[in-house]
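# Breakdown of the fold
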Amino acid sequence: MGIRKIENNNRSLKGSIKVPGDKSISHRAVMFGSMANGITEVTGFLNGEDCLSTIKCFKSLGVEIEHKGESLRIHGKGLEGLQEPLSPLDVGNSGTTARLLLGILAGRPFHSVLVGDASISKRPMDRVTIPLQKMGAKIDGRENGSLTPISVRGGGLQAITYDSPVASAQVKSSLILAALQAEGTTTLSEPFLSRDHTERMLKSFGASVSRNEGQVIVKGGQKLTGTKVSVPADISSAAFFLAAAAITPGSDITLTDVGINSTRSGIIDVLQEMGANLAINNKREENGEEVADLHITSSELEGITIEGEMIPRLIDEIPVIALLATQAEGKTVIKDAAELKVKETNRIDAVVTQLAKLGASVTATDDGMIIEGKTKLNGGPVTSLGDHRIGMSLAVAGCIADSPVELELADAISVSYPNFFEDLEKLRT
Ligand SMILES: O=C(O)C1=C[C@@H](OP(=O)(O)O)[C@@H](O)[C@H](O)C1
Ligand SMILES: C=C(OP(=O)(O)O)C(=O)O
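What you see is a predicted model, and the numbers here were worked out from it, not measured in a lab.

Here we have four strands laid out as an open sheet, ordered β10-β11-β13-β12, and mixed in their pairing. Two strands bound the open sheet, and with one partner strand each, they are β10 (161-163) and β12 (209-212). If you compare each strand with its neighbour and ignore which way they point, the axes differ by 20° on average. Those strands touched by helix α6 (residues 169-179) are β10, β11 (185-189), β12 and β13 (215-219), and its axis lies near 25° from that of β13.

This is the structure in structure tokens:
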């Protein structure tokens, strides 16, 4: 794909689509199905590069996984069925794979090595390796076990009480997966509630994780049993089209079957607070996750402040929210989002440098950014910097820019949304 040109041509977005399956839920379905006893059937699986990395890792651990289109059949043989891998486990670009897998490997009585791409090799793993070491896992890696490649010799874990300094579902999930294999009861807490797909999905695999005033409590020694998982459409992918429709005149679209779990739905709240005409229709529950159809039309937007407990509810949507803010009247302030610095790229720098090239007024702060609107955007060369969410945000900018946006490193988008450009074309009339 390389460079991709996105032209405005006064096209609006119209019609209805279902975006691909949720990335967080797809990863977990493969992992829990591989840890479980019996067959797990997954439908609506996301065929993004990140989730394919997860499948590859579990195949290397000896799990039989049949994969046809968006369906998986996982032949779980329980935790004891996981085998020592013969070569390093490659997580590619996926932080979720790396951190959750470390939690699983910490409990397994064998040696394994985890590697990833250039972006992964810069992302902090000590947020999980430190508490996993406290539980008794033998872990080493670059910089005292904080960077990949990381080696693990697991087993013999003891429960801990751990207060995570970051609101991170990857940290919480990694420790829950280790705690299931530990002796005793583990208690976890985090500064704000992060996405809770792990807690919800474990229930359908027959494990109980309880919550008490913000603490997650996990009893060791629980076994998982294979089940059926239907993956909702990914709200983080839907966000790009919600934003595109909101800022492109004459737009009117529906995105169906979107997962709207309240720990993920910050983008809906933010769009509504900014003044977008966004309706949530046909709300229902499927597989322990809330799902709905989202209808949005082009809207007059106003700047707002986004901070605190809202941040983990929309952390991956901040790049596209920054773009939305360039089209809103007044100032948008994003605070408490220093976590953006340790994603696939430093997303504060990435957003500021790339949107500035298009004529936006965006200033970086220590823990977020300030965007002044409303600005006309121009086209020209920009780059995803190898980060899928930066790439898709810039592609959406191309829908409203005065001249074509030429997006370099556009292929990074396949990490979470391989058919993004096809779906964007389908919606643009
Ligand atoms: O648990 C998950 O599936 C994810 C958690 C978030 O990361 P953190 O846990 O680092 O906040 C998010 O940014 C990532 O895209 C997926
Ligand atoms: C941060 C992301 O993913 P991960 O941490 O799994 O690489 C993302 O998808 O935006």
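The environment of ligand 1 is made up of K23, S24, R28, T96, S168, A169, Q170, R195, I315, D316 and K343. Here an oxygen atom of ligand 1 sits 2.6 Å away from a polar atom, N or O, in the side chain of S24. Contact between ligand 1 and Q170: an oxygen atom at 2.8 Å from a main-chain N or O atom of the residue. Here ligand 1, which alone exposes 390 Å², has 94% of that area covered by the protein. Mapped by element, the contributors of at least two residues to the shell around ligand 1 are α1 (23-35) and α6. In terms of residue count, α1 provides more of the shell around ligand 1 than any other element does, three residues in total. Counting the residues that make up the shell around ligand 1, at least three belong to each of domain 1 (4-19 + 232-427) and domain 2 (23-230).

Here the focus is helix α9 (residues 266-274). Note: α-helices contain 3.6 residues per turn, so residues at a spacing of three or four share the same orientation. Among the residues making up α9, those that are buried are G266, I267, I268, V270, L271 and M274. Looking one or two residues past α9, G275 carries a phi angle of roughly 105°, positive in sign.

So, on to the pairing of strand β4 (residues 64-68). Judged from the five bridges that link them, β4 and strand β5 (residues 71-77) form a sheet pairing that is antiparallel. Residue pairing for β5: E64 is matched across the bridge by H75. The hairpin formed by β4 and β5 contains two residues between the paired strands, and G69 there has a positive phi angle of roughly 55°.

A few words now on the UniProt feature "binding site: phosphoenolpyruvate" (unreviewed entry) in the protein. In this numbering, the UniProt entry assigns the feature "binding site: phosphoenolpyruvate" (unreviewed entry) to K23, G95, R123, Q170, R347 and R389. Here the residues from the annotation list that line the largest pocket are K23, G95, R123, Q170, R347 and R389. For K23, the residues in contact, after removing those within four places along its chain, are L46, D50, C51, T96, D234, H388, R389, V415 and S416. Looking at where G95 falls in the secondary structure, it is placed in helix α3 (residues 95-105). Ignoring any residue separated from it by four or fewer positions in sequence, one finds G95 in contact with I120, R123 and Q170.

About the criteria used
- Residues numbered from 1 in each chain as written.
- Chains lettered and ligands numbered in written order.
- Predicted model: local features only at pLDDT ≥ 70, side-chain atom pairs only at ≥ 80, totals over all residues.
- Heavy atoms only, no water.
- Pairing = 2+ DSSP bridges.
- Helix = DSSP H or I, 4+ residues; strand = E, 2+ residues; numbered from the N terminus.
- Axes fitted to C-alpha atoms, helices over the stretch in contact; angles between N-to-C directions.
- Contact = heavy atoms within 4.5 Å.
- Near = heavy atom within 4 Å.
- Polar contact = N/O pair within 3.5 Å; in protein donor to acceptor, adjacent residues only side chain to side chain.
- Areas by Shrake-Rupley, 256 points an atom, 1.4 Å probe, with all protein chains shown as cover.
- Domains from an automatic or database assignment.
- Buried < 20%, exposed > 50% of the residue type's maximum accessible area, 1.4 Å probe, protein only.
- UniProt positions renumbered as here; feature names shortened; annotations may be inferred.
- 1 Å grid on protein atoms, 1.4 Å probe; cavity = no way out; pocket = protein on both sides within 12 Å on 5 of 7 lines; lining within 4 Å.

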